[in-house]
Structure formats: structure tokens, C-alpha cells
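# Structural overview
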Amino acid sequence: MDEILKQTLLYDFYGELLTAHQKEIYEQVVLEDYSLSEVAEAAGISRQGVHDLVKRCSKTLEGYESRLHLVERFMSVKQKVHEINTLLEDYGNQDTEELMARIRQLSSEIIEEL
């Protein structure tokens, strides 16, 4: 998974656990792609302070993921749903019993993950 997508997903899942100040700075640097200098000037802190805060937030978000695995589960479920959709698109080319068995297996795996 590319780094920007990873950071975006981590923020989507765990961003509300950051303070308002952390969220504002993190959003500006990571999601809105402002430079450290721009954010530092607007926030009235040093460029190094912005850099350190973003790094700390990234570590915090990764720490939540290492304990809760919500992004990992989301990506796994997403992949399985995609696989079900692919199976259904090829419905005419497959044995119905085999197709239904595979869909049942994937749906059971999804339920276990939830």
C-alpha cells in the first residue's frame, strides 16, 4: 500500500483520537499537502515543531493500528468483496455449485473478521 493511502486510511479510522491541534496540523501537512513552512507560519510555531508533531501523530496512528488492526481488517474485507464481485461477473463461465461454495466461504471469512 502506498504511503499516502496508508496515512489517509489511518487518519480516517483513528484521526478522531487526535487532539484538535494535532488534527489541524496533520490534515494540512499530510492530507492537504501544505509545506511545513506554510503550516508553521499559520500556526505560529517553528517548522521543526510542525515536522515533529506530524511524525508524532503518524506514530500515534500507527500505534492504534498495531493494536486494533481496523485498517488491516477493512482492506481484507474490501479484497474479499472484490473477489465476490469478480466471481459474480464470471457467473456464466462457472459451475453454480462451485461458485456458491466459494461465495459462502468468502462471506464466512468476512463475518469472522467483523
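Just so we're clear, the structure is a prediction, and the values are computed from it rather than from any experiment.

### Overview of the packing of helix α1 (residues 3-14) against helix α2 (residues 20-31)
As a packed pair, α1 and α2 sit with axes 11 Å apart at the nearest point and diverge in direction by 155°. With respect to each other, α1 and α2 are oriented roughly antiparallel. Considering how the two elements wind past one another, α1 and α2 form a crossing that is left-handed. For the pair α1 and α2, contact is made by Q7, T8 and Y11 and by K23, Y26, E27, V30 and L31, respectively. Residue classes in the contact of α1 with α2 are distributed as four nonpolar, two polar and two charged.

### Details of unusual backbone geometry
Unlike most non-glycine residues, D33 shows phi in positive territory, near 60°. According to the relative accessible area criterion, D33 is exposed, its value standing at 65%. Despite not being glycine, H69 shows a phi value in the positive range, around 60°. When you line up the elements, H69 lands in the loop between α4 (47-68) and α5 (70-89).

### Some points on the nonpolar core
The biggest cluster of nonpolar side chains holds 18 residues, and the ones touching the most others in it are Y14, I25, Y26, V29, V50, V54 and L61. Not counting residues up to four positions away in its chain, the partners in contact with I25 are V39, A43, V50, L53 and V54. In this structure, V77, L87, L106 and I110 belong to the second largest nonpolar core, which totals seven residues.

### A word on the side chain of E65
Positionally, E65 belongs in helix α4. An unpaired buried charge is present at E65: no salt bridge exists, and R73, the closest side chain of opposite charge, is 7.8 Å distant. Not counting residues within four places of it along the chain, the set of residues in contact with E65 comprises L10, Y14, L70, V71 and E72.

Here is what the cut-offs are and how they apply
Residues numbered from 1 in each chain as written. Predicted model: local features only at pLDDT ≥ 70, side-chain atom pairs only at ≥ 80, totals over all residues. Heavy atoms only, no water. Axes fitted to C-alpha atoms, helices over the stretch in contact; angles between N-to-C directions. Helix = DSSP H or I, 4+ residues; strand = E, 2+ residues; numbered from the N terminus. Parallel < 35°, antiparallel > 145°, perpendicular 65-115°, else oblique. Left-handed = near helix turned anticlockwise from the far one by under 90°. Contact = heavy atoms within 4.5 Å. Nonpolar A, V, L, I, M, F, W, Y, C, P; charged D, E, K, R; others polar. Buried < 20%, exposed > 50% of the residue type's maximum accessible area, 1.4 Å probe, protein only. Core = buried A, V, L, I, M, F, W, Y, C linked by side-chain atoms within 4.5 Å. Lys, Arg positive; Asp, Glu negative; His and termini not counted. Salt bridge = Lys/Arg side-chain N within 4 Å of Asp/Glu carboxyl O.

On their own, these measurements won't tell you what the molecule is for.
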